[in-house]
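# Summary of structural features
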Amino acid sequence: MESVNAEEFTVEAVERALQQLYYDPDMGKKNVAQKWLTQAQASPQAWHFCWALLRSDKVPEIQFFGASTLHAKISRHWSDLPTGQLDSLRSQLIAQVGQFASGPKMVLTRLCVALAALVLHVLPETWPTAVPDLLCAFQTGEGVTEADSQARCLALLEILAVLPEELQSSRIVSSRRSQLRSTLAVEWSSVCSLLQQLLHRADAPCAVRERVLRCVSSWLTLDIALKDSEGLLQSCFALLKESELFDMAVETIVSIISQPDCQRFADSLVKVVPQVLGLQEQLKKAVQDGDMETSHGICRIAVALGETHCRTLLEQVDHWQGFQALVSMIMSCTGTPGHYPVNETSSSLTLTFWYTLQDEMTSLDAERQTLYLQIYRPLYFQLVDVLLQKACFSRDEDYATWSADDKEQFRTYRVDISDTLMYVYELLGPELLRNLYDKLGTLLTDTTRPSSWQDIEALLFGFQSIAETVDVSYSDVIPGLIGLIPLITANNIQLAETIMFTIGSLAEWLADHPLMLASVLPVVLHGLSNPVLSVSCVSALKRICRECRHDLHLHASDIMAVSQAVLVKEIHKSPQCMWIMQALGFLLSALPSEEILGKLLSLVTPHIQQLEKLANELQSERLEVMRPVQTQPHNNNPVVVVLQQAFPLIQTVLNKWLNEPEVVEAVCAVFEKSLKTLIHDFAPLVTQLCELIGQMFSAYPQASALDLTGQLVHIFGCEKDHFSPISALLELVTNITMSIFQLGSRDHPDVVESFMQLHAQVLKRKSDLYLSDRLDIKAVFYCGILSFKFPETPTLKATCLLFTELISHCEDVPAVRELLQDDGKLLLQTLLEAIGGQCPSSLAEHYAEVLFSVSRNCPSVLSLWLREALLPPGFPSSHLTAENKEHFCQQILREQVSKRRMKDIVKEFVLLSRGQEGTEYAANY
């Protein structure tokens, strides 16, 4: 089967190949068989052998291949159907569907899909009565047993179900798809009539009614009008009483009433409201019985109607009571008893409805807005109470039994509630905060009614949700809230965390009211020693130090002392330790300049001593002479002073672990953050850092060192004082990366990506670096050419960026000009090969950027390069004709102004290269 002739595509050969594909244990032989069978399906002989494979004496696997071949021929090779064979194909296919009506199911389904594909090819021109003919063909037949009659009915329903599905999934151009959708939609009345008959038949088996519901959902994709489905919708509501059909009935009802087009049929929508309200007793019983599936399904229906058609139903002012009853029903779903997601799953479905209702109400005209706000404003206060009740944690003993997944779902659910509360605040305003404050005050001060920590936590959670994103500076209850916080006994982790997050959310308010810091800062500092509160407490401290830094002078010593103590004790994990250091950085930055260095040194000295101790231990193994650093504290940024002290220690530690990626990564991270913070103040350390990066990259080339070099180029590339060390470093990392390419760069896509970005940065910021005789620009170019072969999208994007920048310097950098004169054609060949391959749309735009740069900067030679590169037949794709290529050349050569137009030209060429021009895929590309 390695090489085959057309005459070898016989029934016997196909069966042998299938035997090999299904049963041969050798994967190599399986792959050969798979490839051969694909060729067989594409051959004209397939129109003949497929029928023989469907004979009743064949095993189901062979019959399935026969049916799949039919579908492949009809959908992809319609043009090689022998002339005059259409009628025969149609009648044979209908007959085969009848033959397989009783199974096997997999063969029947493929045959139905093939028949659907045929209908889509010939409708409406050649076979305008296709749907009525099929309805007739499978409903008639004398002397047919009841079992056969049911099988034929199921086969018909399968055909009807797959017809719109095939229209959705097949490659058809938009205009043709639109025509077919309209043609099929015209047939809905007769199809709908049949489906209703089957649903109403008392003796209709469950399998038939299930298939009917699937048909309905399938045909709805044709944009069927709600007014044309009213009777069917009513039948589906009736099926909600039958447990075995409940789930499918819910899906179908939701599909029908979720059609956006329904809004054109307000009268039909108004009729649906009482049908949904009629489900309330069933919903109530399901909740009482703990039947989560039923309550979830009914809730989905109510929300689908309310959310999709909120605007339309609000506009029917004469029917406001019906809509209000629907809103109340959705409120009962929001307040479903139990804890999400353990005892109930309905409440989360309703949250987006409350956004929608609020948006639609507030966008109505003034008169209707006044009416509805009068009705629904009290309901939104009730909603807040319900949401806070739902946000409550369960009892400790119950919560302890929850799985990790349940806890994570509950956490996400609370985030959704938090977002909803924040949005509702826009409607209810400061009165909402007053409401929450009064309730919290009552809980904390009313000794006659014991309160649970869960209730207190929920109210604080409500405050925090709003204060997190809303400006609460004008609220008169915040001072009272801050006065209440110290009264709370936080004997529970969840409550303590929410207290911390609440304090953090009020950091901006505290900046405007610094006297109140004395009330809450001790709470935060006390919590800092508890590792369980690490994230919430450190986050609160960081936010306070960032927002209130100018008012923390009196508290600075306390904050420093507590922070240093917890850092020394290593209570927190590394990310939280970094947050603490950031918080202290904010704090120190606002102190008088004469105080900063002393406090900064006291903060970092223990860490420097630790590093020094480590360095001294290493010294015994590998002696290094450490040059003393001459610091000038008064002239330099305090952070530079610290870095100068730490630099030789870092150097010593690094000498020991130069080959350890994690250590190198950590060192690069230290200097990258320092560079971003200090910007030009980093200048005294540039030469040392260039030497250090050179050492790291020489010992173990990794992307982080290249990224750090890029940072140096970005900040100091244009400063002549630093030109020499940066130039030397660039030459070094370039030479080392060359050797990586020679040894096999494929294992280092991250290094290649960073290398491309680095040179693009150099060309953008300081192209003078490319004037050096010691920098091998030609080698950089060839590395870029090789990088075009990488499959990783980020690497390819970085490569495109390099060439876009490189080409733009063909006039001002002589070496670049010579390079492009010698190898410009190679670049274009490589680029065209990439474009002509399986190029994703996200990359086509980047390739277009390179071509645009060539067109703008090298127009005189582009014409020659392009035509020479495209000359070989079949390059860059066998789908391209000589006319396609010439048209592409002309378009490229004309385009020197619009980058967007160049992107469109390249996208079109990509599709032509794939043979997909004019397909639905092309329409969406």
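Residues numbered from 1 in each chain as written. Predicted model: local features only at pLDDT ≥ 70, side-chain atom pairs only at ≥ 80, totals over all residues. Heavy atoms only, no water.

Let us now look at the overall build of the chain. Helix and strand content of the chain: 46 helices and zero strands. With the C-alpha coordinates aligned to their principal axes, the bounding extent of the chain is approximately 105 × 90 × 60 Å. The buried share of the chain, taken over its 925 residues, is 50%. Accessible surface computed for the chain: about 42200 Å², of which carbon and sulfur atoms make up 52%. Separation of charge centres in the chain, based on 72 positive and 108 negative side chains, amounts to 3 Å. (Helix = DSSP H or I, 4+ residues; strand = E, 2+ residues; numbered from the N terminus. Buried < 20%, exposed > 50% of the residue type's maximum accessible area, 1.4 Å probe, protein only. Areas by Shrake-Rupley, 256 points an atom, 1.4 Å probe, with all protein chains shown as cover. Lys, Arg positive; Asp, Glu negative; His and termini not counted. Charge placed at Lys NZ, Arg CZ, Asp CG, Glu CD.)

The next thing to look at is a negative patch on the surface. Judged by side-chain charge, Glu660, Glu662, Glu665, Asp707 and Asp750 come together as a negatively charged surface patch. Relative to the elements of secondary structure, glutamate 662 occurs in helix α34 (residues 661-678). Overall, the relative accessible area of 59% leaves glutamate 662 in the exposed class. (Patch = residues over 30% accessible without salt bridge, like charges linked within 9 Å, V, L, I, M, F, W, Y side chains within 5 Å. Salt bridge = Lys/Arg side-chain N within 4 Å of Asp/Glu carboxyl O.)

Moving on, we get to the environment of valine 424. Mapped onto the elements of the fold, valine 424 is located in helix α22 (residues 404-428). With 119 residues separating them in the primary sequence, valine 424 and arginine 543 have C-alpha atoms 25 Å apart.

So, about the pattern of salt bridges. Per the stated rule, a full pass over the model turns up 41 salt bridges. Residue glutamate 360 is joined to arginine 311 by a salt bridge in which the shortest nitrogen-to-oxygen separation is 3.3 Å. Here glutamate 360, found in helix α19 (residues 351-362), pairs with arginine 311, found in helix α17 (residues 310-315); they are 49 residues apart in sequence, far enough to count as distant. Classification of glutamate 360 by relative accessible area gives partly exposed; the value is 22%.

The next point concerns unusual backbone geometry. Here leucine 123 and proline 124 are connected by a cis peptide whose omega angle stands at -5°. You can see proline 124 is positioned in the loop between α6 (105-122) and α7 (130-137). Proline 876 follows phenylalanine 875 through a cis peptide bond whose omega is -5°. Turning to its location among the elements, proline 876 is positioned in the loop between α43 (859-870) and α44 (882-894). Although it is not a glycine, glutamate 570 adopts a positive phi angle of roughly 55°. If you trace the backbone, glutamate 570 turns up in the loop between α30 (556-568) and α31 (574-589). A positive phi is found at isoleucine 679, a non-glycine position, where the angle reads about 50°. Along the chain, isoleucine 679 turns up in the loop between α34 and α35 (686-699).

Let us look at the nonpolar core. Of all hydrophobic cores here, the largest spans 202 residues; its most connected members are Leu70, Ile301, Trp354, Leu357, Tyr376 and Tyr380. The element that contributes the greatest number of residues to this core is α6, accounting for 13 residues. What leucine 357 contacts, discounting residues up to four positions off in sequence, is Cys310, Leu314, Phe323, Val327, Tyr376 and Tyr380. In this structure, Phe716, Val752, Leu763 and Cys800 belong to the second largest nonpolar core, which totals 98 residues. (Core = buried A, V, L, I, M, F, W, Y, C linked by side-chain atoms within 4.5 Å. Contact = heavy atoms within 4.5 Å.)

This part covers the state of the cysteines. Counted under the stated rule, the structure contains zero disulfides. In this structure cysteine 333 is not part of a disulfide, and its nearest cysteine sulfur, from cysteine 299, lies 3.7 Å away. (Disulfide = S-S within 2.5 Å.)

Here helix α40 (residues 793-807) contains 15 residues, and its C-alpha end-to-end distance of 21 Å stays within 8% of the 21 Å for a straight helix at 1.5 Å per residue. Within α40 the residues assigned to the buried category are Thr795, Leu796, Ala798, Thr799, Cys800, Leu802, Phe803, Thr804, Glu805, Leu806 and Ile807. (Expected span 1.5 Å × (residues − 1).)

Moving on to the packing of helix α8 (residues 146-169) against helix α10 (residues 188-200). Relative to each other, α8 and α10 sit at 140°, their axes nearing to 12 Å. Classed by the angle they form, the pair α8 and α10 counts as oblique. In terms of crossing hand, the pair formed by α8 and α10 is left-handed. When α8 is examined against α10, the residues Cys153, Leu156, Leu157 and Leu160 are found in contact with a partner set consisting of Val191, Leu194, Leu195 and Leu198. For the contact of α8 with α10, the per-class residue count stands at eight nonpolar, no polar and no charged. (Axes fitted to C-alpha atoms, helices over the stretch in contact; angles between N-to-C directions. Parallel < 35°, antiparallel > 145°, perpendicular 65-115°, else oblique. Left-handed = near helix turned anticlockwise from the far one by under 90°. Nonpolar A, V, L, I, M, F, W, Y, C, P; charged D, E, K, R; others polar.)

Here we come to the packing of aromatic side chains. All told, the structure shown has 22 aromatic pairs when counted by the stated rule. Measuring from centroid to centroid gives 5.2 Å for phenylalanine 647 and phenylalanine 671, while their planes differ by 50°, and the two rings are tilted. With phenylalanine 647 in helix α33 (residues 638-656) and phenylalanine 671 in helix α34, this pair connects stretches of sequence that are 24 residues apart. Looking at phenylalanine 647, the relative accessible area reads 2%, which means it is buried. The buried category is assigned to phenylalanine 671, whose relative accessible area is 0%. Clustering of aromatic rings is evident, with ring pairs tying together Tyr340, Phe393, Tyr399, Trp402, Phe410, Tyr413 and Trp453. Taking the ring centre of tyrosine 399 as reference, the NZ or CZ of lysine 407 above it sits at 4.8 Å. (Phe/Tyr/Trp six-rings, centres within 6.5 Å; stacked < 30°, edge-to-face > 60°. Lys NZ or Arg CZ within 6 Å of the ring centre and 35° of its normal.)

Put simply, helix α36 (residues 703-716) and helix α38 (residues 749-765) touch, their axes get as near as 8 Å, and they point 10° apart. One finds that α36 runs roughly parallel with respect to α38. Note on element contacts: α38 touches α36 through Asp750, Val751, Ser754, Phe755, Gln757, Leu758, Gln761, Val762 and Arg765, opposite Ala703, Leu706, Asp707, Thr709, Gly710, Val713 and His714. Residues of the contact of α36 with α38, tallied by class, amount to seven nonpolar, six polar and three charged.

Our next topic: the environment of alanine 117. Mapped onto the elements, alanine 117 comes out in helix α6. For alanine 117, a relative accessible area of 5% corresponds to the buried category. Measuring from C-alpha to C-alpha, the distance between alanine 117 and histidine 71 comes to 7.0 Å, with 46 residues separating the pair along the chain.

For the rest of this paragraph, the subject is the side chain of glutamine 711. With respect to the helices, strands and loops of the structure, glutamine 711 is situated in helix α36. Discounting chain neighbours no more than four positions away, the residues touching glutamine 711 are Glu672, Leu675 and Lys676.

Let us look at the confidence of the model for the chain. Here the chain averages 88 in pLDDT, and 95% of its residues register 70 or above. Note on residues 2-6: pLDDT is under 50 here. Beyond four places in sequence and across chains, it has five contacts. (pLDDT = per-residue confidence, 0-100.)

Next up on the list: the environment of arginine 171. Relative to the helices and strands, arginine 171 is located in the loop between α8 and α9 (174-186). Classification of arginine 171 by relative accessible area gives exposed; the value is 63%. Sequence separation between arginine 171 and threonine 795 is 624 residues; the distance between their C-alpha atoms is 32 Å.

This next bit is on α8. With 24 residues, α8 extends 34 Å between its outermost C-alpha atoms, agreeing within 8% with the 34 Å of an ideal straight helix rising 1.5 Å per residue. Its maximal kink placed at leucine 163, α8 deviates by approximately 25°, while the proline proline 164 follows within four residues. (Bend = angle between axes of the 7 residues up to and from the residue.)

Residue placement: serine 772 occurs in the loop between α38 and α39 (777-787). According to the relative accessible area criterion, serine 772 is buried, its value standing at 17%. A polar side-chain atom of serine 772 sits 3.0 Å from a polar atom in the side chain of glutamate 731. (Polar contact = N/O pair within 3.5 Å; in protein donor to acceptor, adjacent residues only side chain to side chain.)

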